[in-house]
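# Results of the structural survey
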Amino acid sequence: MSATTESPVETHEVGYAEQGNMPLRPAKGSKLMGAAANYIDERTSVSGLVKEVGRKIFPDHWSFMLGEVALYSFVVILLSGTFLTFFFQPSMAEVTYNGSYVPLKGIDMSAAMQSALNISFEIRGGLLFRQIHHWAALLFIAAIGLHMLRIFFTGAFRKPREINWFIGFVLFILALAEGFTGYSLPDDLLSGNGLRIIDGMVKGIPVLGVWISYLLFGGEFPGTAIVSRLYSLHIMLLPALLIAMLGAHLLLLVINKHTQFSGPGKTNNNVVGVPVMPVFAAKAGGFFFIVFGVIVLIASLFTINPIWNYGPYDPSPVSAGTQPDWYIGFADGALRLAPPHWEVVWGGYTVSFNILVPIVVLMGLLATVAFYPFIEGWVTGDKREHHILDRPRNAPTRTAIGAALMTLYAALWAAASSDLMATHFKLSIDQVIHVMQFLTVVGPFIAFWITKRVCLGLQRKDREIALHGHESGRIVRLPGGEFIEVHTPLTEYERWTLVSYNEYEPLMVRPNERGVITPVERVRAAVSGFFFEDRISPVTKAEIEASHHDSHGAIDAGDSHH
Amino acid sequence: MADHDDETLAGSAVEKAEPQKISAGTAVIPADPFENPGEPQHHIRMTDKDPAEEKRAARQVSTLFFASIVFSCLAVAAYIAFPIKDGDTGSIRLNNLFLGLGIALGLLAIGIGAVHWSKAIMPAREITEQRHLTRGSDATRAKAVEVFELGNKESGFGRRSLIRNSLFGALFAFILPGVVIFRDLGPKVDPNVVLRHTLWKKGMHLTLDPSGTRIKAADVTLGSAFHVIPESLLDSEDLLEEKAKAAVLLMRLKPEDLHEPEGREDWQYNGIVAYSKICTHVGCPVALYEQQTHHLLCPCHQSTFDVTENCKVIFGPASRPLPQLPITVDDQGYLVAQSDFHEPVGPSFWERDRA
Ligand code: HEM
Ligand code: FES
């Protein structure tokens, strides 16, 4: 292949020569394997790929497995979902149930609901596969969420990985969309109720809302179109987008190589870890089977989404205490928190702030997450590549922002269970909602403040340890009568982990080449101050030397110098 | 992902710094940085030291793989041994449990075996690979620019603005039919009109949901509440769509507890009132009636409506009172509607308050 591009004329000769000289022959293994490998390579030049990727290095840390869990549960979703498609009928045509589940016999329902019941009750393993599919979906989204938190709190999104963060964010949104469309397919009472809420929210969008809902449902809610439309999205469009985005995500991972935690021997210019072939492949492949096995184990032991208990969708029955799947909770909670009477009529047109405000808050939360790497990159102005992960404490403001966003999310999420909390703790629903409203507005600020203090405290402690060693817990009495604690000195390796981190100082506003200070620069300086005003610098060599001078070897006075 | 031939054992090639001429922004660059001490001593495993240990680990791995075969076969056996019996939910549970356990244990044994293999037997030594700046080398980038420039020159894309701009126009216009074609996702009629009407009309009987039996006013005792549908609903073509608008709650209170606004005093009959059951927030059924307080509670987001005050919102995210259905009785004492609702029911929408 190499020669062909340069001079096509010589192709033949070179080709024949190559064929004779260099058949691909693995060092060990059967003749058959060698022949097969040779056959494939002569037709695909796959050896280049194996050489390229086969010994790629993957650093090891438990938190790096979260993304893997997401990937493997997605594979399980694809496998189980495909099985379900063989039996599921995405149709809202009305039928009278006459299957083997006695309590529902004779009840009118949609063909979709009937087929979901038939999967559960007529097909061996059908219920198992429905439960595998649903549990895998829940695990998928949970793993994506935790994976995102890992990336955020370790700063793995910094250059050159900002784009991959954004792709990951898109994957998260696609996963939520998959989950919601899937949840709506069986057309049971809960899924219909979920759609009803979507319909109501969409109608609240100014100007176009009614039309969007009307076109989406193919007429008035609930109509007879929505299940088959969502089905097209659920099994075709969204999975295709997911797979494409996943491909891009993993490709960029390979191009950028994996990040690693700071540690002895690890630099910004290397990757330390195990090679893909064979160690990582065996570990990761084995881990896939473990994730798969755990999902199947849960699915065989625990019921999920027992649609036969809910019955078919009907716009009228009560459904107290019912919950959406957990990942939709934050949106449902946001809706609950709007105070009464937030709707206004302006010039004859109705504006539903009770719906718009929650939507805007959610969009704001999501947009902050989506664009955070670009914001932080703009604030620091740091254009270097970063391959060494931050310990969360060493980026106090970022960590505090993360904690604030998590608190907002958690408050919204908890609000979705306000009725359950009220009944469980015997409170009035009003009290619970008011507490949740308070937490939603004030909680993030409190979380920010506490987290930042904790981070700075931990950094201070790290400094102490880097300078004076670990407290050994052994108290000795000096000749002068004074008590001190003996400190054991750090090894060079331990110290490196404590002192090697990035520090930023607040930006000073300076006039640009034309001698003006732009407003943008002022904003940037203000944000930079917010980020980096409070900071603990890493210990320097000079400080270590100084501390060694005035403390006598390993023994060091407990109260020290800052 | 340039070349990867620079693979070395960890620690031996630590400080091969790429020249960093890239802005560090506001980062503090230490004047006298610590040196990286390099990879610490490698940790030796039992299986590295002791061939017997290694043998044992190898045996464990293959035992797990064999166990997996057994479990998978057991799963197949469970598929056959636990058939689903018509009308017997217990048989479904057994099928689910044993088929699932077989598959799960089969998978777990493969997984644990492979991980054990990689951890105990495969080399544990960490390896170092060099990184390179993600950007292409200057030469590569110059080549790429050249390719673009050549493309631009040969096509005249930059120069021939008429061709270029008309192409942009064409590409934009080409999207339009793709948008317009979605109009027929919904029927021809204007939703703003349809949403204003329900099946209720003058003389329509109130009937019980779901049986469809008429309701005698005399049977509505004080404090009771009924889920109600219009009599014609059960024969309707669009049953669910109509029900999603026409569902009604019927309650009887003491007439003196009701504070009906002016002009609506005769919308009730002897303290019997009928209100839309569709929440004015986002449309769930408002179906929880608290007898003592005369409050209606929506289970979805806990909007609470006070029936004595014409169902105005006293708590929760909803804004509007539930619309009231004016009712009376026919000459045999059955409850009937006086008319349709006087305003659209359910969630608010942009043109809701237009005439
Ligand atoms: C290519 C991928 C997928 C296919 C072919 C597929 C297929 C299906 C089918 C046919 C159903 C209806 C059957 C039933 O309800 O039992 C379904 C339901 C569902 N799907 Fe998927 N799906 C896929 C991906 C996903 C993803 C990525 C998620 C979530 C992140 C998801 C979540 C769900 C949920 C929650 C249900 C409802 C299940 C239930 O009723 O128990 N699916 N899916
Ligand atoms: S739908 Fe009734 S409170 Fe939201």
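In this text, all values refer to a predicted model and were calculated from it rather than measured experimentally.

Bringing the pairing of strand β5 (residues 270-275) of chain A into the picture now. With six of six residues buried, β5 of chain A is to be regarded as a mostly interior element. Relative to β5 of chain A, strand β1 (residues 57-58) of chain A runs antiparallel, the two sharing two bridges. In the strand pairing of β5 of chain A, F58 of chain A is matched with V274 of chain A. Summarising the sheet, β5 of chain A and strand β2 (residues 127-130) of chain B pair through four bridges and their orientation is antiparallel. Paired with V271 of chain A across the bridge in β2 of chain B is E129 of chain B.

Here we come to the domain arrangement of chain A. Residue and element names in this part refer to chain A. The domain architecture assigned to chain A consists of domain 1 (11-53), domain 2 (64-261 + 270-352) and domain 3 (391-562). Relative to domain 3, the C-alpha centre of domain 2 lies at a distance of 37 Å. Listed per partner, the contact involves 20 residues of domain 2 and 20 residues of domain 3. Each partner contributes to the roughly 1,700 Å² buried at the junction of domain 2 and domain 3, and carbon and sulfur atoms together form 65% of this total. Contact with domain 3 buries surface across domain 2, with F153, R336 and L337 losing the most and accounting together for 38% of the total. In this assembly, domain 2 and domain 3 are joined by one salt bridge.

All names here are of chain A. With respect to the element layout, T397 can be found in helix α16 (residues 396-415). Exposure remark for T397: the relative accessible area of 2% places this residue in the buried category. When neighbours within four sequence positions are excluded, T397 is seen to be in contact with F448, K452, F530 and F531. Here the side chain of T397 touches F531 through a polar contact of 2.4 Å, landing on its backbone oxygen.

Residue and element names in this part refer to chain A. The coordination sphere of the iron atom of ligand 1 contains the protein donors H133 (NE2) and H234 (NE2), at a distance range of 2.0 Å. Overall, the relative accessible area of 16% leaves H133 in the buried class. On the basis of relative accessible area, H234 is assigned to the buried category, the value being 13%.

On to the pattern of salt bridges, then. The full count for this structure, using the stated rule, is 27 salt bridges over all chains. Two residues, K541 of chain A and E35 of chain B, come together in a salt bridge whose shortest N-O distance is 2.7 Å. Pair noted here: K541 of chain A is in helix α21 (residues 541-550) and E35 of chain B is in the loop between β1 (8-9) and α1 (46-49), and the two residues belong to different chains. R45 of chain B is the partner of D48 of chain B in a salt bridge, and the nearest nitrogen-oxygen pair spans 3.1 Å. Classification of D48 of chain B as partly exposed rests on a relative accessible area of 41%. You can call R45 of chain B buried: its relative accessible area is 13%. Taken together, the shared-partner salt bridges in this structure form one network comprising E343 of chain A together with R320, E343, R352 and D353 of chain B.

Rules behind the numbers
Residues numbered from 1 in each chain as written. Chains lettered and ligands numbered in written order. Predicted model: local features only at pLDDT ≥ 70, side-chain atom pairs only at ≥ 80, totals over all residues. Heavy atoms only, no water. Buried < 20%, exposed > 50% of the residue type's maximum accessible area, 1.4 Å probe, protein only. Helix = DSSP H or I, 4+ residues; strand = E, 2+ residues; numbered from the N terminus. Pairing = 2+ DSSP bridges. Domains from an automatic or database assignment. Contact = heavy atoms within 4.5 Å. Buried area = accessible area lost by both parts, 1.4 Å probe. Salt bridge = Lys/Arg side-chain N within 4 Å of Asp/Glu carboxyl O. Polar contact = N/O pair within 3.5 Å; in protein donor to acceptor, adjacent residues only side chain to side chain. Donors = N, O, S within 2.8 Å, 3.2 Å for Na, K, Ca; no water.

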